[in-house]
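Report on the structure
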Amino acid sequence: MAIAKIDLNLCEKCAVCNAMLACPIDAITHHWSEDLVRNGPVEIDTKRCLGCGKCERVCRGKAITMS
Ligand code: SF4
Ligand code: SF4
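Presented here is an overview of the structure given in this document.

Calculation criteria
- Residues numbered from 1 in each chain as written.
- Chains lettered and ligands numbered in written order.
- Predicted model: local features only at pLDDT ≥ 70, side-chain atom pairs only at ≥ 80, totals over all residues.
- Heavy atoms only, no water.
- 1 Å grid on protein atoms, 1.4 Å probe; cavity = no way out; pocket = protein on both sides within 12 Å on 5 of 7 lines; lining within 4 Å.
- Points joined across faces, edges and corners; volume = space filled by probe spheres on them.
- Nonpolar A, V, L, I, M, F, W, Y, C, P; charged D, E, K, R; others polar.

Looking now at empty space enclosed by the protein. In this approach a probe as big as a water molecule rolls over the atoms, and the regions it shows empty are the leftover space. Counted by the stated rule, this structure contains two cavities of 30 Å³ or more. Considered as a void within the structure, the largest cavity measures approximately 90 Å³ in volume. Taken together, 13 residues make up the lining of the largest cavity; nearest its centre are Cys23, Cys49, Leu50, Cys52 and Cys55. Taken together, the residues of the lining of the largest cavity sort by class into 11 nonpolar, two polar and no charged. For the second largest cavity, the calculated volume is near 80 Å³. Forming the boundary of the second largest cavity are Ile6, Cys11, Glu12, Cys14, Cys17, Asn18, Ala19, Val42, Cys59, Arg60, Gly61 and Ile64. Taken together, the residues that form the lining of the second largest cavity break down as eight nonpolar, two polar and two charged.

Geometry only, nothing functional implied.
See the structure below:
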């Protein structure tokens, strides 16, 4: 089964992470930056990922791939 992987170099740290909103099991976390002012890295819990691909379809930066 393919699971979601994120390329943090492509992630745009969107103010609202569409991928996080789309995930049906809340496997995507949008962290704050270290100074707690900006949006920080997005993390995918690959152990829980169902492989549905919803996050990949809506990610604005095309940062998520299924593999
Ligand atoms: S939608 Fe994609 S590019 Fe934007 S914060 Fe989420 S994972 Fe990053
Ligand atoms: S593939 Fe589906 S279950 Fe896995 S992180 Fe993306 S939206 Fe969530």
